[in-house]
Amino acid sequence: HVSPFTVLQIRPRMTPHLVHRDQPLHLAGITTRTTNAAEFSPATAQIGPLWQRFFTAQVAQSVPGYTPQSAVYGVYSGYESDAMGAFDVSAAVQASTVPEGLQAVTVPAGAYLVFEARGPMPATVVALWGVVWQYFLGQPAHLRRYGSDFEEYSGEGRVAIYIGVLDAG
């Protein structure tokens, strides 16, 4: 068992950086609805089973243009309120067309605070979300938008979490 602290020491970028996405990101994948409270119990958790279905059903491979080198995305959207309310989670890949049986997922352009780490999955992404939560518990320089947030998995144990923030400009 690897502790989250050990995982993040592998290759962390503890200080988030701000990026402005000029274009929306168009994806295709599968979606479920959950809450953070539901995710604390294996009996009610939806995110793990969503990813299991994504990989077992080879969802990415059904999207035209997908290659094994393509990034995979976890998108959090449709926020009911804030971190305490319900939200949608999608497991998806970039797509110009959406195959039958999959859902279109659009990540809007805008300002995102990016947190990055590298290490074994899923422990690394779980630990990195802990860093995100800690950041926003303090006096963050940027406030969350609760519009769309996403994880970008770009291979070799690399993950970047993009948190939508209110644009100060």
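### What about the layout of surface pockets?
Part 1 of the argument: Within this model, the largest pocket holds a volume of roughly 990 Å³.
Part 2 of the argument: Secondary-structure elements contributing two or more residues to the lining of the largest pocket are helix 2 (36-39), helix 3 (47-56), strand 3 (72-77), helix 4 (123-137) and strand 7 (144-153).
Part 3 of the argument: Ranked by the residues each element gives to the lining of the largest pocket, the list is headed by helix 4, at 5 residues.
Part 4 of the argument: Among the residues forming the lining of the largest pocket, the class breakdown is 20 nonpolar, 7 polar and 3 charged.

### Examining the packing of aromatic side chains
Part 1 of the argument: Applying the stated rule across the entire model yields 16 aromatic pairs.
Part 2 of the argument: Taking 4.9 Å as the distance between ring centres and 85° as the angle between the ring planes, the aromatic pair formed by Y135 and F136 counts as edge-to-face.
Part 3 of the argument: Assessed through its relative accessible area of 23%, Y135 is described here as partly exposed.
Part 4 of the argument: Aromatic ring contacts, followed pair by pair, group Y76, Y79, F87, W129, W133 and Y146 into a single cluster.
Part 5 of the argument: Positioned above the aromatic ring of Y112, the side-chain terminus of R145 is 5.0 Å from the ring centre.

### Notes on the pairing of strand 8 (residues 158-165)
Part 1 of the argument: Of all 8 residues making up strand 8, 7 are buried, and the element is well covered by its neighbours.
Part 2 of the argument: Relative to strand 8, strand 7 runs antiparallel, the two sharing 6 bridges. The residue of strand 8 that forms the bridge with F150 is Y162.
Part 3 of the argument: Between strand 7 and strand 8, which pair antiparallel and follow one another directly, the connecting turn spans 4 residues, one of which, G155, has a positive phi of 95°.

### A closer look at the environment of G29
Part 1 of the argument: Positionally, G29 belongs in strand 2 (residues 25-34).
Part 2 of the argument: What G29 contacts, discounting residues up to four positions off in sequence, is V59, A91, A92, L102 and Q103.

### Quick word on helix 4
Part 1 of the argument: Over its 15 residues, helix 4 runs 21 Å from end to end, which matches the ideal 21 Å to within 8%, given 1.5 Å per residue.
Part 2 of the argument: The set of residues buried in helix 4 consists of T124, V125, A127, L128, W129, V131, V132 and F136.

### Details of the pattern of salt bridges
Part 1 of the argument: Applying the stated criterion across every chain, the model contains 4 salt bridges.
Part 2 of the argument: Measuring nitrogen to oxygen at the nearest pair gives 2.9 Å for the salt bridge that ties R33 to D88. You can see R33 sitting in strand 2 and its partner D88 sitting in strand 4 (residues 87-94), a full 55 residues away along the chain.
Part 3 of the argument: Taking the relative accessible area as the measure of exposure, D88 reaches 22% and is therefore partly exposed.
Part 4 of the argument: The structure contains a network of salt bridges with shared partners spanning R118, E156 and R158.

### Brief notes about the nonpolar core
Part 1 of the argument: Of all hydrophobic cores here, the largest spans 33 residues; its most connected members are F54, F115 and I163.
Part 2 of the argument: Considering each element in turn, this core owes the most residues, 6 residues, to helix 4.
Part 3 of the argument: If sequence neighbours within four positions are ignored, F115 has contacts with P16, L128, V131, V132, Y135, F136, V159, A160, I161 and I163.
Part 4 of the argument: By size, the runner-up hydrophobic cluster in this structure holds 13 residues, among which are Y73, A92, F150 and Y162.

### Focus on the environment of V114
Part 1 of the argument: Looking at the element boundaries, V114 is found in strand 6 (residues 110-118).
Part 2 of the argument: Judged by its relative accessible area of 2%, V114 falls in the buried class.
Part 3 of the argument: For the pair V114 and Q139, spaced 25 residues apart in sequence, the C-alpha to C-alpha distance is 17 Å.
Part 4 of the argument: With sequence-adjacent residues up to four places away left out, V114 is seen in contact with P16, H17, V19, A160, I161 and Y162.

Conventions used here
- Residues numbered from 1 in each chain as written.
- Predicted model: local features only at pLDDT ≥ 70, side-chain atom pairs only at ≥ 80, totals over all residues.
- Heavy atoms only, no water.
- 1 Å grid on protein atoms, 1.4 Å probe; cavity = no way out; pocket = protein on both sides within 12 Å on 5 of 7 lines; lining within 4 Å.
- Points joined across faces, edges and corners; volume = space filled by probe spheres on them.
- Helix = DSSP H or I, 4+ residues; strand = E, 2+ residues; numbered from the N terminus.
- Nonpolar A, V, L, I, M, F, W, Y, C, P; charged D, E, K, R; others polar.
- Phe/Tyr/Trp six-rings, centres within 6.5 Å; stacked < 30°, edge-to-face > 60°.
- Buried < 20%, exposed > 50% of the residue type's maximum accessible area, 1.4 Å probe, protein only.
- Lys NZ or Arg CZ within 6 Å of the ring centre and 35° of its normal.
- Pairing = 2+ DSSP bridges.
- Contact = heavy atoms within 4.5 Å.
- Expected span 1.5 Å × (residues − 1).
- Salt bridge = Lys/Arg side-chain N within 4 Å of Asp/Glu carboxyl O.
- Core = buried A, V, L, I, M, F, W, Y, C linked by side-chain atoms within 4.5 Å.

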